[in-house]
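Next come the chains, spelled out residue by residue.
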Amino acid sequence: MTLDQRLDKAEEIIKKPSFRENKGLGNEVGYYIFDYPAEKELYVRERIDYMKKKNNSSMDDYKIVEFDLYYITIDILKKKGFLEKCYDFEKKKGFERVSKSISNMLKITSADGLIIKHIQENTPEKAIVFITGIGKCYPILRSHTVLNNLHQVIDNVPVVLFYPGVYDGQELVLFSEIKDDNYYRAFKLVD
């Protein structure tokens, strides 16, 4: 299938009541991955915006809610007064150290992490959660870490991670070279 066909199929799937009720998943919570070529990132963003606008203007009984991990991270850093400090810290100590510091401050590896709390607190009862921006946040955020921690607090609505790489049902490959093979709880949304 072409990317357009896969996106059309994804839109068709999420409209089904059985998708939103997490039926047919062997009692697993509905976590899905929609993978796509990284070079199509801007096009996928446009389609996500289109799906959200279409949903907002419809009479659907659910709301598509997008959480861009990059913008959430930047917003948290700004609110805590750390964004400018991160620039200075990176100049003095390097990217690896600032990346680790940001990860620690956000409590990335914890179910009560700041990003997880943000998503939890801003997800309506009848929603489909779209997680975007994982490629923009790499290596500070890893997809398996976000999804594993989110899995502990959101189990009543389906979650779709839009992933700029390849997901074969076992491992994620970001930018065709960086493996993130620690995630195992997600279903591939569209083959």
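An account of the accompanying structure is given in this report. What you see is a predicted model, and the numbers here were worked out from it, not measured in a lab.

So, how was this worked out
Throughout this document, residue positions are counted from 1 along each chain, in the order its sequence is written. The predicted origin of the model limits local features to residues at a pLDDT of at least 70 and limits the giving and counting of side-chain atom pairs to 80 or more, whereas totals for whole chains, interfaces and linings rest on all residues. With hydrogens and water stripped out, all remaining heavy atoms of the structure feed into the side-chain values. Orientation is described by axes fitted as lines to C-alpha atoms, over the contacting stretch for helices, and by angles from 0 to 180 degrees between their N-to-C directions. A run of H or I in DSSP counts as a helix once it spans at least four residues, and a run of E counts as a strand once it spans at least two, with each numbered from the N terminus. By definition in this entry, angles of less than 35 degrees are roughly parallel, angles greater than 145 are roughly antiparallel, angles of 65 to 115 are roughly perpendicular, and the rest are oblique. For any helix crossing, the convention is left-handed if the near helix is rotated counterclockwise from the far helix by under a right angle, and right-handed if that rotation is clockwise. In this analysis, two residues are considered to be in contact whenever any of their non-hydrogen atoms come within 4.5 Å of each other. As a working rule, the residues Ala, Val, Leu, Ile, Met, Phe, Trp, Tyr, Cys and Pro are called nonpolar, Asp, Glu, Lys and Arg charged, and the rest polar, with Gly in that last group. For every residue, the accessible area (1.4 Å probe, protein chains only) is compared with the maximum for its type, and the residue is labelled buried under 20%, exposed over 50%, or partly exposed between those bounds. When DSSP finds two or more bridges between two strands, those strands count as paired.

1. Brief notes about the packing of helix α4 (residues 69–79) against helix α7 (residues 114–121)
Orientation of α4 relative to α7, taken along the N-to-C sense of each, is 110°, at an axis distance of 10 Å. Taken together, the axes of α4 and α7 are roughly perpendicular relative to one another. Considering the relative orientation of α4 and α7, their crossing is right-handed. Contact residues: α4 offers L69, I72, T73 and I76, while α7 offers L114, I115, H118 and I119. Residues belonging to the contact of α4 with α7 are distributed by class as follows: 6 nonpolar, 2 polar and no charged.

2. Thoughts on unusual backbone geometry
Each neighbour pair has its own omega, and for Y138 with P139 the value is 10°, a cis peptide bond. By the element assignment, P139 lies in the loop between α8 (134–137) and α9 (143–151). The phi torsion at K107 lies on the positive side, around 55°, for a residue other than glycine. Relative to the assigned elements, K107 resides in the loop between α6 (95–106) and α7. Residue classification places K107 among the partly exposed positions, given a relative accessible area of 35%.

3. Examining the pairing of strand β3 (residues 127–132)
By the criterion of burial, β3 is predominantly enclosed, with 6 of the 6 residues buried. Side-chain alternation along β3 places A127, V129 and I131 on one buried face and I128, F130 and T132 on a second face that is also buried. Pairing of β3 with strand β4 (residues 159–167) involves 3 bridges; the strand directions are parallel. Within β4, the residue paired with F130 across the bridge is V160.

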